[in-house]
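Each chain, letter by letter, is given below.
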Amino acid sequence: AISTKRSVDVLRSMGHRVMVIGPRQPRMSEADYIAMPTVRIPFFGLDDYPIPLPEPLLVFLFRLPKIHWDIIHVHHPLVVGPFAIRLGKRLHIPVVFTYHTQYDRYLEHLTVFSKRINRLVYEHVILSVCRRFDGIIATTKWLHKELASIFGVGQVHYASTAGITNPFFVHTPKHVLRSTLNVPVDGPIFLSVSRLSRE
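Rules of the game
Residues numbered from 1 in each chain as written. Predicted model: local features only at pLDDT ≥ 70, side-chain atom pairs only at ≥ 80, totals over all residues. Heavy atoms only, no water. Phe/Tyr/Trp six-rings, centres within 6.5 Å; stacked < 30°, edge-to-face > 60°. Helix = DSSP H or I, 4+ residues; strand = E, 2+ residues; numbered from the N terminus. Buried < 20%, exposed > 50% of the residue type's maximum accessible area, 1.4 Å probe, protein only. Contact = heavy atoms within 4.5 Å. Patch = residues over 30% accessible without salt bridge, like charges linked within 9 Å, V, L, I, M, F, W, Y side chains within 5 Å. Areas by Shrake-Rupley, 256 points an atom, 1.4 Å probe, with all protein chains shown as cover. Salt bridge = Lys/Arg side-chain N within 4 Å of Asp/Glu carboxyl O. Pairing = 2+ DSSP bridges. Right-handed = clockwise from strand over helix to strand, strands pointing away. Axes fitted to C-alpha atoms, helices over the stretch in contact; angles between N-to-C directions. Expected span 1.5 Å × (residues − 1).

Novice: So, the packing of aromatic side chains: which residues are in play, and what are the values?
Specialist: Scanning the entire structure with this criterion turns up 3 aromatic pairs. With centroids separated by 5.8 Å and ring planes inclined at 65°, the aromatic side chains of Phe97 and Tyr99 adopt a geometry described as edge-to-face. Ring geometry for Phe97 against Phe133: centres 5.1 Å apart, planes inclined by 20°, an arrangement best described as stacked. With a gap of 36 residues between them, Phe97 in strand β6 (residues 95–99) and Phe133 in the loop between α5 (115–130) and β7 (135–138) connect regions that are remote in the sequence. Residue classification places Phe97 among the buried residues on the basis of a relative accessible area of 0%. Phe133 sits in the buried class, given a relative accessible area of 3%.

Novice: With reference to specific residues and values, describe the side chain of Glu55.
Specialist: For Glu55, the position within the fold is in the loop between β4 (51–52) and α2 (57–63). With a relative accessible area of 13%, Glu55 lands in the buried category. With sequence-adjacent residues up to four places away left out, Glu55 is seen in contact with Met36, Pro37, Phe60, Arg63 and Phe83.

Novice: Describe a nonpolar patch on the surface, with residues and values.
Specialist: A surface patch of nonpolar side chains, amounting to about 280 Å² of accessible area, comprises Val10, Leu11 and Met14. Positionally, Leu11 belongs in helix α1 (residues 2–13).

Novice: Break down the pairing of β7 for me, with residues and values.
Specialist: Of the two faces of β7, the one holding Gly135 and Ile137 and the one holding Ile136 and Ala138 are both buried throughout. Of the strand pairs in this sheet, β6 and β7 are connected by 4 bridges, and their pairing is parallel. In the sheet register, Phe97 faces β7, and the bridge partner there is Ile136. Judged from the 3 bridges that link them, β7 and strand β8 (residues 156–158) form a sheet pairing that is parallel. Bridge pairing in β8 places Ile136 opposite Val156.

Novice: Any chance you could break down the pairing of β6 for me, citing the residues and the numbers?
Specialist: Of all 5 residues making up β6, 5 are buried, and the element is well covered by its neighbours. On β6, burial covers both faces: Val95, Phe97 and Tyr99 on one face and Val96 and Thr98 on the other are all buried. In this region the chain leaves strand β5 (residues 72–74), passes through helix α3 (residues 81–91) and returns to the parallel neighbour β6; the handedness of that crossover is right-handed.

Novice: Tell me what's going on with the sheet that holds β6, and back it up with residues and numbers.
Specialist: The strands that make up a sheet are held in pairs by hydrogen bonds between backbone atoms, and each pair lies either parallel or antiparallel. The strand order β5-β6-β7-β8 describes an open sheet built from 4 strands, whose pairing is parallel. Of all the strands in the sheet, just β5 and β8 have a single pairing partner and so form its edges. Recorded for the sheet is a direction-independent mean angle of 30° between the axes of neighbouring strands. In this sheet, β6 lies alongside β5 in parallel orientation, the contact comprising 3 bridges. Among the inter-strand pairings, Ile72 is bridged to a residue of β6, identified as Val95. Contacting β5 and β6, α3 runs over the sheet at an angle of about 170° to β5.

Novice: Explain α1 to me, and be specific about the residues and the numbers.
Specialist: Its 12 residues place the ends of α1 16 Å apart at the C-alpha level, agreeing with the 16 Å of an ideal helix rising 1.5 Å per residue. Phi turns positive one or two residues past the end of α1, at Gly15, with a value near 100°.

What follows is the structure in structure tokens.
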């Protein structure tokens, strides 16, 4: 969500019009945002993760501003991927997908199936949708190399979404931070920058 917001903000600051399509959120008002109906899954720790339900294409086209769009950018292959592909064909514009998650490894955490079944799901469900996109964006160089070996060099492009903005920089001297955190001046520190979730 953060990298998507950054991309939208930068593109808009450059003068591009960006329409964001996402799940309906309570008390949300943003220009050029189309909210889709959502469902919440009450297990796997996903109860706070609203999943959009794509509308019938003609209904959605009625809500989409009638201008010439240049590209459709998708952030999930299964939830909105097939819908975006149909929309792209209808509007005659390319559809690209940013590959954020290692879905093959993610399946191991979300299912109770064997590795073989997870591999089949990955190859015949996720990769089959990915092959239908006009382009795939890899957010790290190692992922770019891995995806290029799967989809071909011409379909996969590298673009980092890990830009750090000023609020993340700390200008406090290290010895002051150690004192504030009650850490010995010469003691080792292990820092983990990650999310905490039930996976």
